[in-house]
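Chain by chain, the residues:
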Amino acid sequence: MARRKKAAEGFHKQKIAKAAGKLFVKNGIDKTTMEDIANESGYGKATLYVYFKNKDEIVSTLALDSMKILLEKIKLAVNENDTVETQYMNICNEIVQFQKVFPYYFSIAVSKIGVDTENTDDTATYSVGEQINKIIAQMIIRGIKEGELRRDLQVPQTIYTFWASIYGIITMTDNKINYINKCMGLDPTELMNYSFGLLYKSIREC
């Protein structure tokens, strides 16, 4: 009986979160209200508060779900038979695809994951993020050992710089598509790949 109740709760939470996700993509998180989510999901507004304390908690649930997807994508991207450079580019491309599918959660995942929080979804999201960072750390350590990456790299600092740089490249490209196309005469995807390659050269062993 308890298992059935828990399954029903999970179903309702996912249905509400899915409806909220559609509205976030369409209207933005700030412009979406709990009443909007209630109407989209087919539940009464009071019912939403049975499963979520507020809109931020819904965002946290969606961020966690999307981060789990990113983790699985990155696991698949890092084939142990590939070179470190290929693994690096695969990871970059998976993050680009993640941003395309989950644009709002991409920003949240990179900038608003709390380390010390009472929100269990935020804590879980942080844990998933650390699993992703561990994969990247293993790639960097392998590259150093095999002489493909610089020996003076500090792994935690390099991972931080990686995320800051990738986030900046993807976000700026997304915001400047018209400029890149019309003024630079370039394809945005090709420009991002060039930028990712340039970043890799900065950590490669000469």
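The model shown is predicted, which means the values in this text are computed figures rather than measured ones. (Residues numbered from 1 in each chain as written. Predicted model: local features only at pLDDT ≥ 70, side-chain atom pairs only at ≥ 80, totals over all residues. Heavy atoms only, no water.)

With their axes 10 Å apart at the nearest point, helix H7 (residues 120-145) and helix H8 (residues 155-175) run at an angle of 115° to one another. Every pair of crossing elements has a handedness; the one defined by H7 and H8 is right-handed. Every residue of H8 that contacts H7 at Ile132, Asn133, Ile136, Ala137, Ile140 and Ile141 is listed here: Val155, Thr158, Ile159, Phe162 and Trp163. Split by residue class, the contact of H7 with H8 holds nine nonpolar, two polar and no charged. (Axes fitted to C-alpha atoms, helices over the stretch in contact; angles between N-to-C directions. Helix = DSSP H or I, 4+ residues; strand = E, 2+ residues; numbered from the N terminus. Left-handed = near helix turned anticlockwise from the far one by under 90°. Contact = heavy atoms within 4.5 Å. Nonpolar A, V, L, I, M, F, W, Y, C, P; charged D, E, K, R; others polar.)

A word on helix H2 (residues 34-41). Among all positions of H2, only Met34, Ile37, Ala38 and Ser41 are buried. One face of H2 carries all of its buried residues, which in axial projection span an arc of 100°. Taken from the residues just after H2, glycine 42 is the one with a positive phi, measuring 85°. (Buried < 20%, exposed > 50% of the residue type's maximum accessible area, 1.4 Å probe, protein only. Arc of directions from axis to C-beta.)

One pass over the structure, following the stated rule, counts three salt bridges. Two residues, glutamate 146 and arginine 142, come together in a salt bridge whose shortest N-O distance is 3.0 Å. For arginine 142, a relative accessible area of 21% translates into the label partly exposed. (Salt bridge = Lys/Arg side-chain N within 4 Å of Asp/Glu carboxyl O.)

With that settled, consider the packing of aromatic side chains. Inspection of the entire model under this criterion finds six aromatic pairs. Residues tyrosine 88 and tyrosine 200 carry aromatic rings whose centres are separated by 5.1 Å and whose planes lie at 40° to one another, so their mutual orientation is tilted. Residue tyrosine 88 is found in helix H5 (residues 84-101), and its partner tyrosine 200 is found in helix H10 (residues 188-201); the two are separated by 112 residues along the sequence. Owing to a relative accessible area of 3%, tyrosine 88 belongs among the buried residues under this scheme. Here tyrosine 200 falls in the buried class, since its relative accessible area comes to 2%. Here a set of aromatic residues connected by ring pairs shows up, and it is made of Tyr88, Phe162, Trp163 and Tyr200. (Phe/Tyr/Trp six-rings, centres within 6.5 Å; stacked < 30°, edge-to-face > 60°.)

A few words now on the environment of threonine 120. Inspection of the secondary structure puts threonine 120 in helix H7. Considering only alpha carbons, one finds threonine 120 and asparagine 193, 73 residues apart in sequence, at a separation of 36 Å.

Right, let's get into the side chain of glutamine 99. For glutamine 99, the position within the fold is in helix H5. For glutamine 99, a relative accessible area of 9% corresponds to the buried category. Other than its neighbours up to four places away in sequence, glutamine 99 contacts Phe106, Ile170 and Asp174.

For the rest of this paragraph, the subject is the packing of H5 against H10. Here H5 crosses H10 at 135°, and the two axes come no closer than 11 Å. By the criterion of interaxial angle, the relationship of H5 to H10 is oblique. Judged by the twist between their axes, the crossing of H5 over H10 is right-handed. Within the contact between the two elements, H5 uses Val84, Glu85, Tyr88, Met89, Cys92, Asn93 and Val96 and H10 uses Met192, Asn193, Phe196, Gly197, Leu199 and Tyr200. (Parallel < 35°, antiparallel > 145°, perpendicular 65-115°, else oblique.)

Attention now goes to the environment of threonine 189. Its location among the elements puts threonine 189 in helix H10. What makes threonine 189 partly exposed here is its relative accessible area of 39%. C-alpha of threonine 189 to C-alpha of aspartate 174: the two residues are 15 residues apart in sequence and 9.9 Å apart in space.

Moving on to H5. Residue pairs spaced three or four apart in an α-helix point in one direction, given the helix's 3.6 residues per turn. Between its first and last C-alpha atoms H5 spans 26 Å; for 18 residues at 1.5 Å apiece the expected length is 26 Å, and the two agree. For H5, the complete set of buried residues consists of Val84, Gln87, Tyr88, Ile91, Cys92, Ile95, Val96, Phe98 and Gln99. (Expected span 1.5 Å × (residues − 1).)

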